[in-house]
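Here is how the chains run, residue by residue.
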Amino acid sequence: FSDNHTGWAKEGVAGKLADQHDVMFVIPDGGYDSWYFDSVWYVTENDLMQGTGGESFAPDAAMTRAELVTLLCRLCGGERVTTDTFVDVDSSKWYAEYIGWAEKSGVFTGTSATAFSPERKITRAEVATALSRYFDYIELTIPESDGVLSAFADADKIADWAKSHVEALRTT
């Protein structure tokens, strides 16, 4: 595909390509002119994200823990597995095997020993922790951090368990 997906979509090419390639393309909630159109196109085209159902993508909605786990697993082609560790993860839910991957890979942990809280909005500290662990998992070396958490206005609110991960992602 071209770098100009927006132009293609406006001309109806996106729908034609979707028909030819048996791909379901979600039109972003803001339409073809939205600032995030190309990003939505990319993540749906590459089966990283599928939207929230119907023709909705909800780009302004907060991400849940289950959604980030799913995205990271799909991004690296992780092997989905079942888990019975978390009592709040119903094995029939779309995210269950992604959470199994996250637990097995060590990229994510539960919110307690027996809970994952899959539908809870993910916090910034949890995102930083998951990304730091994910980079380790895929063996991606990130530039060394200056480790200065004081650059964040709310540095005093960063949980102790997340500080090393936030520091690892903070670069100058």
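Source: prediction; values computed, not measured.

Going through the model one piece at a time under the given rule, you end up with five aromatic pairs. Summarising the aromatic geometry, the rings of F108 and F116 are spaced 5.6 Å apart at their centres and angled 40 degrees between planes, so their arrangement reads as tilted. A residue is classified by how much of its surface remains accessible, and F108, at 5% relative accessible area, is buried. Within the aromatic cluster, the residues linked to one another by ring pairs are F86, F108 and F116. Across the ring face of F116, the terminal group of R65 is positioned such that the distance to the ring centre comes to 4.4 Å. Its end group placed over the ring of F152, R124 keeps NZ or CZ at 5.4 Å from the ring centre.

Quick look at a nonpolar patch on the surface now. Nonpolar side chains collect at one region of the surface, where Y137, I138 and L140 lie side by side and expose about 250 Å² of accessible area between them. By the element assignment, L140 lies in the loop between α6 (124–137) and α7 (160–169). Residue L140 is classed as partly exposed on the basis of its relative accessible area, which comes to 42%.

Here the focus is the pattern of salt bridges. All told, the structure shown has five salt bridges when counted by the stated rule. Between R65 and E126 there is a salt bridge, with the nearest N and O atoms lying 2.8 Å from each other. You can see R65 sitting in helix α4 (residues 65–76) and its partner E126 sitting in helix α6, a full 61 residues away along the chain. Here D154 makes a salt bridge to R124, at a shortest N to O gap of 2.7 Å. Of the two residues, D154 is situated in the loop between α6 and α7 and R124 in helix α6; the sequence distance between them amounts to 30 residues. Note on D154: relative accessible area 26%, which makes it partly exposed. A cluster of three or more residues bridged by salt bridges with shared partners is formed by R65, R120 and E126.

What follows concerns the state of the cysteines. When the sulfur atoms of two cysteines share a covalent bond, that bond is a disulfide. Counting across every chain of the model gives zero disulfides. Of all cysteine sulfurs in the structure, the one in C76 sits closest to C73, which takes part in no disulfide; the separation is 5.7 Å.

Thresholds applied
Per chain, the residues get numbers from 1 upward, laid out in the order the sequence is written. Side-chain atom pairs in this predicted model are given and counted only at pLDDT of 80 or more, local residue features only at pLDDT of at least 70, and totals for whole chains, interfaces and linings cover all residues. Hydrogens are left out, water is left out, and the side-chain values use all remaining heavy atoms of the structure. Under the pairing criterion, centres of Phe, Tyr and Trp rings, with the six-membered ring standing for Trp, must be within 6.5 Å; the plane angle then separates stacked pairs below 30 degrees from edge-to-face pairs above 60, leaving the rest tilted. In this scheme, a residue with accessible area under 20% of its type's maximum is buried, one over 50% is exposed, and one in between is partly exposed, where area comes from a 1.4 Å probe on protein chains only. Charges are assigned to positions over rings by a cutoff of 6 Å between ring centre and Lys NZ or Arg CZ, combined with an angular limit of 35 degrees from the ring normal. For patch building, the residue pool is restricted to those with more than 30% relative accessible area and no salt bridge; the joining distance is 9 Å between like charges and 5 Å between nonpolar side chains (Val, Leu, Ile, Met, Phe, Trp, Tyr). Note on areas: Shrake-Rupley, 1.4 Å probe, and residue coverage restricted to the protein chains presented here. Within this document, salt bridges are pairs made up of a side-chain nitrogen of Lys or Arg and a carboxyl oxygen of Asp or Glu, the two lying within 4 Å of each other. For helices the rule is a DSSP run of H or I covering at least 4 residues; for strands it is a run of E covering at least 2, with both sets numbered from the N terminus onward. Two cysteine sulfurs form what is called a disulfide whenever their separation falls within 2.5 Å.

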